[in-house]
Amino acid sequence: MARDLLSQESVEDILESITALAVTTVEGCEEAGVLLVNRNDHTFSTPAATSDLVRESDRAQFECDEGPCLDAARHQQSFYVEDMANETRWPLYRPRAIELGVGSMMGFELFTYKGALGALDLYSSRPRAFDEHSREIGWVFASHAAVAVAASQREATLQEGYATRQEIGEAVGILMERHRLTSAAAFELLKKASMNTNTKLREIARRITRSGEKPG
C-alpha cells in the first residue's frame, strides 16, 4: 500500500487510492471517503469517495450538524457505529443514513494541518460488519491519509509564501529602477502603502508589477 501511495503525483490521487484500497483491504468495508472541514469558514468537502453514497452521507452530516465522521473530524477521535438502526448518538443524521443504506460505519480522525480538520470514513450496508481487526487496519489507512493531507497543505503554504516573496522582490526591483530608490527605501514604501490602505503587502506588490507606478 505504501509503495502504491508513493507513486501517486497529487494529494487527490493519494486520497483516491487510500479510499479504493480501504474497500479492497478492510474486511467489511464496501465504501470509503475522506471528509475535510475548514475551521475558518465552516465549509466541508469530500476530496475522495468511492461512491455517491459517501458524498451524500457527508452532506447529510453537515446539514444535520452531527454524525460519526463529522464528529471524528471536529473532536479528533474515532467513532464506530455497530448498527445504524439502533444508533442513538446522532438522532438527526441516523434516519438519513438508514435511507442511504448505511448499516454500520467507522470514522477515523485525521490529524491535518492548520485550518483543516478531516476524517476517513468507512461504510458497510450490513450491521456489525467491522470487527476489531478491521478497526485496526482502518487506523493504518487513516494514518496514511493524514500524512498525505498534511503534506499537501504544507506544500501549498510554502508555495504561497514563495510566490509572495517573488512578487515583493519584483515590485522592489521596479521601484528601484524607475524611481531611483534603494532596496530598503523601496521596501519601506511598500510597507507604508500596505499599512495606510490596510491592504496585504502581496497585493500592493502585485499592483506595482502591473502598473510600474509608486503606491499612492
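Residues numbered from 1 in each chain as written. Predicted model: local features only at pLDDT ≥ 70, side-chain atom pairs only at ≥ 80, totals over all residues. Heavy atoms only, no water.

Participant: Give me the lowdown on helix H7 (residues 183-197), citing residues and values where you can.
Facilitator: Residues lying three or four places apart along an α-helix face the same way, a consequence of the helix completing one turn every 3.6 residues. Given a rise of 1.5 Å per residue, 15 residues ought to cover 21 Å, and the 21 Å separating the end C-alpha atoms of H7 matches this to within 8%. Here H7 has its buried residues at Ala186, Leu190, Ala193 and Ser194. Projected down its long axis, H7 shows its buried positions confined to an angular sector of 100°, all on one face. Every exposed residue of H7 that faces more than 90 degrees away from the buried side is listed here: Ala184, Met195 and Asn196. Just downstream of H7 lies Asn198, where phi reads positive at about 55°. (Helix = DSSP H or I, 4+ residues; strand = E, 2+ residues; numbered from the N terminus. Expected span 1.5 Å × (residues − 1). Buried < 20%, exposed > 50% of the residue type's maximum accessible area, 1.4 Å probe, protein only. Arc of directions from axis to C-beta.)

Participant: I'd like to hear about the packing of aromatic side chains, residue by residue, with values.
Facilitator: Applying the stated criterion across every chain yields a total of 3 aromatic pairs. Centre to centre, the rings of Phe79 and Trp90 are 5.6 Å apart; their planes meet at 75°, and the pair counts as edge-to-face. Pair noted here: Phe79 is in strand E3 (residues 79-81) and Trp90 is in the loop between E3 and helix H5 (93-100), with a separation of 11 residues, a long-range link. Accessibility classification places Phe79 together with Trp90 in one group, the buried group. Both rings, one in Phe108 and one in Trp139, keep their centres 5.4 Å apart while their planes meet at 65°; by these two values the pair is edge-to-face. One end of the pair, Phe108, is in strand E4 (residues 104-110); the other, Trp139, is in helix H6 (residues 132-179), and 31 residues separate them in sequence. For Phe108, a relative accessible area of 3% corresponds to the buried category. Given the relative accessible area of 33%, Trp139 is considered partly exposed. The cationic tip of Arg135 hangs over the ring face of Tyr80; the distance from NZ or CZ to the ring centre is 4.6 Å. (Phe/Tyr/Trp six-rings, centres within 6.5 Å; stacked < 30°, edge-to-face > 60°. Lys NZ or Arg CZ within 6 Å of the ring centre and 35° of its normal.)

Participant: Hey, could you go over the pairing of strand E2 (residues 44-49) for me, with residue numbers and the actual values?
Facilitator: Looking along a regular strand, one sees the side chains alternate between the two faces of the sheet. For strand E1 (residues 31-38) and E2, the ladder comprises 4 bridges, and the chain directions are antiparallel. Considered in E2, the bridge of Gly33 is made with Ala49. In textbook terms, the turn of a hairpin is the stretch between consecutive antiparallel strands, and for E1 and E2 this stretch comprises 5 residues, one of which, His42, has a positive phi near 60°. (Pairing = 2+ DSSP bridges.)

Participant: Can you break down the sheet that holds E2 residue by residue, with the values?
Facilitator: Taking strand neighbours across the sheet as the criterion, the 5 strands line up as E2-E1-E5-E4-E3 in an open arrangement whose pairing is antiparallel. Both edges of this open sheet fall to E2 and E3, since each of them pairs with a single strand only. Along the sheet, successive strands turn relative to each other by an average axial angle of 20°, direction set aside. Note that E3 and E4 share 3 bridges and pair antiparallel. Bridge pairing in E4 links Phe79 to Gly107. The sheet strands contacting helix H4 (residues 68-75) are E1, E3, E4 and strand E5 (116-124), and the helix crosses E5 at an angle near 150°. (Axes fitted to C-alpha atoms, helices over the stretch in contact; angles between N-to-C directions. Contact = heavy atoms within 4.5 Å.)

Participant: Can you tell me about the nonpolar core, naming the residues and giving the values?
Facilitator: Counting residues in each nonpolar core, the largest one holds 24 residues, and the members touching the most others are Leu15, Val26, Leu120 and Leu122. For Leu122, the residues in contact, after removing those within four places along its chain, are Ala22, Val26, Cys29, Glu31, Ala32, Ser104, Met105, Met106, Phe108, Phe130 and Gly138. In this structure, Val54, Ala60, Cys69 and Met105 belong to the second largest nonpolar core, which totals 20 residues. (Core = buried A, V, L, I, M, F, W, Y, C linked by side-chain atoms within 4.5 Å.)

Participant: Please give an account of the pairing of E4 that cites residues and values.
Facilitator: Burial runs high along E4: 7 of the 7 residues are buried. With 7 bridges connecting them, E4 and E5 associate as antiparallel partners. Bridge assignment links Ser104 to a residue of E5, and that residue is Ser124.

Participant: Can you break down the pattern of salt bridges residue by residue, with the values?
Facilitator: Scanning all chains against the criterion turns up 9 salt bridges. For Glu167, the salt bridge is made with Arg206, and the minimal N-O distance between the two is 3.2 Å. Separated by 39 residues along the polypeptide, Glu167 in helix H6 and Arg206 in helix H8 (residues 201-211) bring together distant segments of the chain. On the basis of relative accessibility, which here comes to 17%, the residue Glu167 falls in the buried class. With a closest N to O distance of 3.6 Å, Glu203 and Arg207 form a salt bridge. You can see Glu203 and its partner Arg207 sitting in helix H8, 4 residues apart, about one turn around the helix. Exposure remark for Glu203: the relative accessible area of 24% places this residue in the partly exposed category. Assessed through its relative accessible area of 43%, Arg207 is described here as partly exposed. What you see here is one network of salt bridges that share partners, running through Glu167, Glu203, Arg206 and Arg207. (Salt bridge = Lys/Arg side-chain N within 4 Å of Asp/Glu carboxyl O.)

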